[in-house]
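# Analysis of the macromolecular model
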Amino acid sequence: MRYGQGGGSPQDGRAGQGGSDELYERLKAYEGRAAATAGVGKDLVNEPMIRHWCEAVGDTNPAYAGPGAIAPPTMLQAWTMGGLSGHPDRSGAYDELFALLDGAGYTSVVATDCEQEYLRPLRPGDRITFDAVIESVSERKTTRLGTGYFVTTRMDVRAAGERAGTHRFRILKYAPAAVRRGAKPGGPPGMKETGRSLRPRPVINRDNAGFWQGVAEHKLLIQRCGECETLRLPWLPGCNECGCQEWDTVEASGEGTVFSHVVMHHPPFPAFGASDDAGPYAVALIELVEGVRMVSNVVGVPYDKVRTGMPVRLEFLRTDPELELPVFRGSEG
């Protein structure tokens, strides 16, 4: 399984130009070194976390509940995460690598994609252990976000001492590109002439290209299984309920409510703020009237007025000349 999170990829970037790259040679020396050794998950695989996960993503597969339940395979990374307190199992080599990048001016980071391989189901009560390695560091690349290096870490996950899966996580450590003040010639009317940074670009692949084509046409398209007619969002290559790979789409009405939300205070990211000061902004899980949920921004109300249950209405926001996104407008009334 592979899913993207935005920010470009090693295939999208262009190699840095001009002469040898001494920094790359130093970074390359970290390939194959341990990023974490004999790590232990902070919690056993457990039913409450499985339930919360399934509720958040709207997955009602009966395999994840009741006697003999297993954890959703995509929760593989969840059992290894260190949380806000961090992980004591991380190696010195990992910290050294990132300190080297930070010291050279590549101080920004964005996740780009993740690949997972599942070898056996995880069940409540399993103790998760893992080892991680710095698998690769790319040559210097230039992306829309800026110039930097893609770092791939591979984690081998075990359950009760038995190999359970592999998790590869790729990030871009980059120096942000300077944003030219003013809109590009030919940009949409009303584009603010500011130096605000751009939002990360969505990763568009063969599984979700139709969704983004719909957005370009101001349509929010939901997949519908060709066998059991279950609706699903985000788009997936197969149905969670019956496994059928045939599907069509229905257009969302645009009506919904805030199912849950968080307010992002740090780190500041001007591209998501309501103004150039990069102030706090609300990120919400929106439940559409069709019954599916999606993550988006709530606009039209102050961030501290967003509430669970608030009615919202779909609209499309032009964030820059090259990107338009579905967002939801709330009403304090």
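Structure: above.
A brief look at the structure comes next. (Residues numbered from 1 in each chain as written. Predicted model: local features only at pLDDT ≥ 70, side-chain atom pairs only at ≥ 80, totals over all residues. Heavy atoms only, no water.)

## So, the sheet that holds strand 10 (residues 231-232)
Heads up, the condition is: Pairing between strands requires that DSSP locate at least two bridges from one strand to the other. Secondary structure elements follow DSSP: runs of H or I no shorter than four residues count as helices, runs of E no shorter than two count as strands, and numbering proceeds from the N terminus.
What the three strands build is an open sheet, ordered 10-9-11; its pairing is antiparallel. In the strand order of this sheet, the two ends are held by strand 10 and strand 11 (247-251), each with one partner. Pairing geometry for strand 9 (residues 221-225) and strand 11, over five bridges, is antiparallel. The residue bridging Gln223 from the neighbouring strand is Thr249, located in strand 11.

## Describing helix 2 (residues 47-57)
Keep this limit in mind: Side-chain atoms alone can form a polar contact between residues adjacent in sequence; in general such a contact is a pair of N or O atoms within 3.5 Å, and within protein one must be able to donate a hydrogen while the other accepts it.
A side-chain oxygen of the first residue of helix 2 lies 2.9 Å from the backbone nitrogen of Met49; this N-cap is Asn46. Gly58 sits one or two residues past helix 2 and shows a positive phi near 75 degrees.

## Considerations on unusual backbone geometry
As a reminder, the rule being used: Buried residues are those whose accessible area, probed at 1.4 Å on protein chains only, stays under 20% of the maximum for their type, while exposed residues exceed 50% and partly exposed ones sit between those limits.
Residue Pro234 follows Leu233 across a cis peptide bond; omega there is 5 degrees. Inspection of the secondary structure puts Pro234 in the loop between strand 10 and strand 11. Positioned with a positive phi, Ala160 is a non-glycine residue whose angle comes to about 55 degrees. We note that Glu229 has phi near 65 degrees; this positive angle belongs to a residue other than glycine. Residue classification places Glu229 among the exposed positions, given a relative accessible area of 56%.

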